[in-house]
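Each chain, letter by letter, is given below.
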Amino acid sequence: MSVLQMQRFSICAMKKDRKAILEELQSLGILEVDTSVIEGEVLEKMDTLSQKQLFERTSALADQALNVLAEYEPEKTSMLSSLEGKALIEKQDYQKMVDNKEALLQSANEVMALGKEIAESKAAIMRLETQIETLTPWLNLDVPISYNGTRKTAVIIGSVGKAVTLEEIYTEIAGHVGELEAMDIQIISENSAQTCIAATCLKQDAQVLEDALRTLGFSRPTQTSNLIPAEQRAQLQKEIAALMMAIEETEGKIRAKANDREELKWFSDYYRVRAQKYEVLGTIPQSKRTFLISGYTPTKASESLKKLMAEKYDLVVDIEEIPEEEETPILLQNGKFAGSVEGVLESYGLPTRHEVDPSKIMSVFYIFFFGLMLSDAGYGLVMAVACFILLKRFPRMSEGMNTSLHLFMYCGVSTLVWGILFGGFFGDAVQIVSNVFFGKDIVLAPVWFAPLEDPMKLLIYSLLFGLIHLFIGLAVKGYMYLKNKQYLDFFCDVILWYVFLGGLIMMLLPSQMFVSMSQMNIVFPPAVNTLAKGMAIAGAAGLLLMSGRSSKNPVLRLALGAYDLYNVTGWLSDVLSYSRLLALGLATGVIASVMNQMGSMGGSGIFGAIIFIIVFIVGHIFNMAINLLGAYVHTNRLQYVEFFGKFYEGGGRKFVPFKAITNYVEVKEEKKV
Amino acid sequence: MNGIVWALLGAALAAILAGCGSAYGVGAAGQAASGVVTEDPSKFAKVLVIQLLPGTQGIYGLLVAFITLSKIGLLGGAAADLTLSTGLMIFAACLPIGIVGLVSAMHQGKTAVAAIGIVAKKPDQFGKAMLFPAMVETYAILALLVSILAVNAIPV
């Protein structure tokens with residue numbers, strides 16, 4: 001349970017070692033570079049922007065090439081492959097790739113060029129297909145569209161933008177030019193949008209006829225060709241086929257490049273890492289011969305880092321404590337168990353440098369409450385086993401995924417335990433199955449009690465667990481005051497509340513209201529009752545007088561005190577909020593029972609058993625998913641709102657060390673620090 | 001009118017009202033979630049979680065309906081012979097989750113839409129985004145508790 005102390009770690013070294021030292025630091029990954037504190041007139045920063053951008057572009061090029069490869073030769077991946085994490089590769093293999101990087105760059109460019117070729121061919125095919133489409137109405141024409149007649153006759157080919165019949169055309173023409181000597185009009189094709197026609201007449205009448213047709217909305221086709229439409233279509237189809245062939249061939253070439261896939265991934269990462277290095281390089285101040293680098297490093301690692309650097313290079317290392325008022329980046333250190341809630345903590349906000357890391361206490365309650373809300377032995381078992389198998393199967397999964405799965409595994413175990421205590425195993429599956437299919441009455445007896453039979457009892461316990469949770473939150477606040485030696489604050493803001501609330505609770509316990517709620521008749525000796533009243537009054541008086549102590553004005557002080565005393569309603573609502581433990585626990589159990597009952601409606605026989613199995617699987621997956629979500633959300637809420645509300649602010653900045661952030665692979669490194 | 005009609009009406013209302021509210025809430029959140037996923041499919045899991053948050057009221061309604069049905073014996077075959085006043089009592093006991101479920105699910109749906117907006121712009125603030133809709137749910141949970149405790153306590 002701790003926030004790691006940080007120190008400022010500064011290096012001054014020779015410029016010739018610059019790259020080697022940066023690479024060393026990058027591979028160690030324990031220094032967060034922050035050079036903003038270094039000032040000096042002779043110091044200059046190097047402009048590395050163009051280099052960095054070049055590396056980024058190269059890395060992006062490899063990524064794009066990989067995308068092209070994935071499109072034509074998909075990698076065989078399973079559904080769970082996203083859990084696999086980055087592959088670990090040997091250093092010498094990586095080095096071999098680096099030596100080979102020119103060839104890989106060329107390979108990436110080739111893949112991109114091939115990909116572009118395919119894209120262009122596909123665009124060409126699209127174009128040809130549109131051409132074929134516009135040609136379709138003309139297929140019945142047995143002369144080329146551009147044909148304009150023989151020596152004596154003229155042929156006018158074109159379309160009218162609406163559906164017209166032959167009769168209408170003749171009537172229209174007759175209306176305009178009267179009777180022509182010789183004329184023949186054929187309709188090539190006709191649909192609602194256009195009518196394609198070919199008109200034949202004597203050459204001298206051609207102009208007159210065309211003008212007449214124009215009044216109908218006649219126009220010449222835009223597409224002209226010296227081929228008969230059917231022949232032209234055949235030619236276009238041939239072109240498409242040729243392009244298809246070419247695409248296939250190109251695809252084959254791309255597939256042949258798939259051997260380079262792994263190395264291209266490393267290649268992309270290599271340039272990504274180099275770009276990151278150049279980004280840092282651009283921030284460090286340099287003089288003529290030397291350069292300076294400074295940053296945060298965990299106290300416990302700083303000495304060994306100093307030793308390691310001093311052994312290898314000529315440099316001066318300076319380790320300083322960071323002044324109290326400066327905020328440092330935050331790195332948490334916790335064991336496996338407590339560390340599993342770090343993700344949940346982080347999404348609320350990391351502790352600041354002066355706060356306590358609440359992970360340890362939080363992990364206990366988180367897992368406890370989660371189990372209580374889901375509380376079904378079957379679901380818990382499924383969760384725990386599934387997470388365990390995934391963790392074993394994919395040891396290299398990303399860190400965030402690893403902690404989440406650990407958390408859910410622990411929560412699964414807790415759910416299993418609560419399920420046994422409350423006698424729930426996939427709801428009442430044991431009872432239903434034994435009753436419907438075997439004709440016996442086996443009931444999985446709860447070890448503690450069944451919540452549905454005595455909800456009041458669980459409600460009281462839920463509120464009790466909540467009260468303990470909140471009191472511990474208050475205790476952590478007290479611990480923080482003591483650590484910072486704020487004894488007066490500790491007394492006024494923590495002890496007085498304990499006294500006040502303790503007195504109120506002891507007054508409540510023997511009261512008629514509590515007896516009727518809990519069916520527990522608690523009788524205190526009169527001395528305790530008097531003590532309770534005394535505590536409540538003393539606590540209230542203390543809070544009234546002391547809470548506003550920051551204010552000099554006595555009236556304002558009392559007003560602030562009264563306002564703080566009003567917070568007792570906040571305590572009440574906080575405690576009542578824990579009733580969700582009961583509600584969500586009941587929801588899981590009852591809906592699981594509904595599923596079982598629905599499944600058993602098919603009766604006993606084989607047919608009934610099949611229905612039962614199907615309904616059981618689908619129903620319980622649904623119920624488990626929805627209640628897992630509920631348990632997760634509401635456990636988070638209890639931690640964030642009720643528990644953290646008592647003592648925790650958060651707002652720390654995460655420690656982001658300078659290290660190689662890769663996308664695909666990690667290079668095996670021996671641990672040095 | 002026989003008591004059992006009132007009791008059944010209560011169970012039906014619990015499921016109907018809470019279910020309608022959840023359908024509205026999940027529907028509204030689903031529209032927002034779809035918009036986010038068209039822009040960035042990698043946020044699917046996160047927005048799905050938030051979309052489902054207003055769905056719980058429907059489950060709570062189902063829960064109370066089921067407890068009521070099993071209480072009045074409609075699930076086990078022989079329906080209990082209820083007096084009018086017992087029936088009305090069960091009806092009243094079902095109302096909290098029905099009405100609060102309806103209203104809270106609709107509001108939770110609207111809050112979920114806004115929370116999906118947070119995830120769209122700042123995916124790392126998922127934990128906080130999830131919290132806002134969860135705050136609304138508190139009242140549905142309180143209503144559920146009252147309904148369960150009341151239905152359970154009515155002697156049949």
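Note that this is a predicted model, so its numbers are computed, not measured.

Looking now at the overall build of chain A. Tallying secondary structure elements over chain A gives 23 helices and 16 strands in all. At 40 Å, chain A has a C-alpha radius of gyration far larger than the 26 Å of a compact globule built from 673 residues. By residue count, 33% of the 673 residues in chain A fall in the buried class.

Here the focus is the overall build of chain B. Assigned secondary structure in chain B consists of 5 helices and 0 strands. Its helices and strands taken in sequence order, chain B reads α-α-α-α-α from the N to the C terminus. Dimensions of chain B, computed from the C-alpha atoms along their principal axes, are close to 60 × 25 × 20 Å. Sorting the 156 residues of chain B into buried and exposed places 52% on the buried side. The contacts of chain B with a sequence gap of at least 6 include a subset with a gap of at least 24, amounting to 86%.

According to the domain assignment, chain A contains domain 1 (1-35 + 282-327), domain 2 (146-222), domain 3 (332-453 + 579-654) and domain 4 (479-574). One C-alpha centre belongs to domain 3 of chain A, the other to domain 4 of chain A, and the line joining them spans 35 Å.

Here we come to the nonpolar core. Within the largest apolar cluster, 121 residues are counted, with the highest numbers of intra-cluster contacts made by Ala-14, Ile-50, Leu-63, Val-64, Cys-94, Ile-116 and Leu-144 of chain B. Setting aside residues no more than four positions away along its own chain, Val-64 of chain B makes contact with Ala-14, Cys-94, Ile-97, Leu-144, Ser-147, Ile-148 and Val-151 of chain B.

What follows deals with the interface of chain A and chain B. Each partner contributes to the interface: chain A provides 23 residues, whereas chain B provides 25 residues. Elements supplying a minimum of two residues to the side of chain A that touches chain B: α11 (342-348), α16 (455-483), α22 (580-599) and α23 (606-647) of chain A. Of the residues forming the side of chain A that touches chain B, the biggest block, 9 residues, is contributed by α22 of chain A. Residues that form the side of chain A that touches chain B fall into these classes: 14 nonpolar, 7 polar and 2 charged.

All names here are of chain A. Relative to strand β8 (residues 195-202), strand β7 (residues 183-190) is paired through 7 bridges, and the arrangement is antiparallel. Across the sheet, Glu-190 pairs through a bridge with Thr-195, a residue of β8. Where β7 folds back on β8, the antiparallel hairpin that results is connected by 4 residues.

Okay, unusual backbone geometry next. Residues and elements named next belong to chain A. A positive phi angle, near 50 degrees, is found at Phe-426, a position not held by glycine. Position of Phe-426 among the secondary structure elements: in the loop between α14 (399-422) and α15 (429-438). Exposure remark for Phe-426: the 26 C-beta atoms within 10 Å place this residue in the buried category. The backbone of Lys-485 sits at a positive phi, close to 60 degrees, despite the residue not being glycine.

All names here are of chain A. At a closest axis distance of 7 Å, the pairing of helix α12 (residues 359-374) and α14 adopts a crossing angle of 50 degrees. With respect to their mutual orientation, α12 and α14 come out oblique. The interaxial crossing formed by α12 with α14 has right-handed handedness. Between α12 and α14, the residues in contact are Ile-367, Phe-368, Phe-370, Gly-371, Leu-372 and Leu-374 and Tyr-410, Cys-411, Ser-414, Thr-415, Val-417 and Trp-418, respectively. The class makeup of the residues in the contact of α12 with α14 is 9 nonpolar, 3 polar and no charged.

Now for helix α19 (residues 526-546) of chain A. Residues and elements named next belong to chain A. The terminal C-alpha atoms of α19 lie 30 Å apart, and with 21 residues this matches the ideal 30 Å at 1.5 Å per residue to within 8%. Buried residues of α19: Ala-532, Met-535, Ala-536, Gly-539 and Leu-543, and no others. Take α19 and look down its axis: the buried residues cluster within an arc of 95 degrees, on one side only. Residues of α19 that are exposed and point over 90 degrees away from its buried face: Pro-526, Ala-527, Thr-530 and Gly-534. Buried residues in α19 make contact with α17 (487-508) and α20 (554-566).

Right, let's talk about the pairing of strand β6 (residues 153-160) of chain A for a bit. Residues and elements named next belong to chain A. Pairing analysis gives 8 bridges linking β6 to β8, with the strands arranged antiparallel. In the strand pairing of β8, Val-155 is matched with Thr-200. Summarising the sheet, β6 and strand β9 (residues 218-219) pair through 2 bridges and their orientation is antiparallel. Its bridge partner being in β9, Val-160 is matched across the sheet by Phe-218.

Residues and elements named next belong to chain A. With antiparallel pairing, 4 strands are arranged side by side in an open sheet as β7-β8-β6-β9. What marks the edges here is a single partner per strand, and that holds for β7 and β9. Against the sheet, helix α6 (residues 206-214) makes contact with β6, β7, β8 and β9, and its axis sits at roughly 10 degrees relative to β6, the strand it touches most.

Residue and element names in this part refer to chain A. Within the fold, Tyr-566 resides in helix α20. Residue Tyr-566 is classed as exposed on the basis of its 10 C-beta neighbours within 10 Å. On a C-alpha basis, the gap between Tyr-566 and Leu-544 in space is 9.8 Å, while along the polypeptide they are 22 residues apart.

Here we come to the packing of helix α5 (residues 166-177) of chain A against α6 of chain A. All names here are of chain A. With their axes 9 Å apart at the nearest point, α5 and α6 run at an angle of 120 degrees to one another. Our classification of the angle between α5 and α6 gives oblique. Judged by the twist between their axes, the crossing of α5 over α6 is right-handed. Residues Glu-172, Ile-173, His-176 and Val-177 of α5 form the contact with α6, whose own contacting residues are Val-208, Leu-209 and Ala-212. When the residues that make up the contact of α5 with α6 are grouped by side-chain class, the tally is 5 nonpolar, 1 polar and 1 charged.

Moving on, we get to the confidence of the model for chain B. The predicted model of chain B averages 91 in pLDDT, with 98% of residues at 70 or higher. Overall fold confidence (pTM) sits at 0.84, and the ipTM for the predicted complex is 0.84.

The subject of this paragraph is the environment of Leu-54 of chain A. Residues and elements named next belong to chain A. Among the secondary structure elements, Leu-54 is positioned in helix α2 (residues 49-72). Look at Leu-54 and you get partly exposed, because 14 C-beta atoms sit within 10 Å. Put simply, Leu-54 and Glu-311 are 257 residues apart on the chain and 34 Å apart in space, counted from C-alpha to C-alpha.

To continue, consider helix α3 (residues 56-71) of chain B. All names here are of chain B. Helix length check: α3 (16 residues) gives 22 Å between terminal C-alpha atoms against 22 Å at 1.5 Å per residue, within 8%. Here α3 lies mainly inside the structure; 12 of its 16 residues are buried. Gly-73, located one to two residues past α3, shows a positive phi value of around 75 degrees.

Residue and element names in this part refer to chain A. Along the chain, the position of Gln-333 falls in strand β14 (residues 332-333). Classification of Gln-333 by C-beta neighbours within 10 Å gives partly exposed; the count is 15. Distance from Gln-333 to Thr-165, taken between C-alpha atoms, is 87 Å for residues 168 residues apart in sequence.

Criteria and thresholds
Residues numbered from 1 in each chain as written. Chains lettered and ligands numbered in written order. Predicted model: local features only at pLDDT ≥ 70, side-chain atom pairs only at ≥ 80, totals over all residues. Helix = DSSP H or I, 4+ residues; strand = E, 2+ residues; numbered from the N terminus. Rg over C-alpha atoms; globule rule 2.2 N^0.38 Å. Buried ≥ 20, exposed ≤ 12 C-beta atoms within 10 Å, placed from the backbone. Contact = placed C-beta atoms within 7 Å. Domains from an automatic or database assignment. Core = buried A, V, L, I, M, F, W, Y, C linked by C-beta atoms within 7 Å. Nonpolar A, V, L, I, M, F, W, Y, C, P; charged D, E, K, R; others polar. Pairing = 2+ DSSP bridges. Axes fitted to C-alpha atoms, helices over the stretch in contact; angles between N-to-C directions. Parallel < 35°, antiparallel > 145°, perpendicular 65-115°, else oblique. Left-handed = near helix turned anticlockwise from the far one by under 90°. Expected span 1.5 Å × (residues − 1). Arc of directions from axis to C-beta. pLDDT = per-residue confidence, 0-100.

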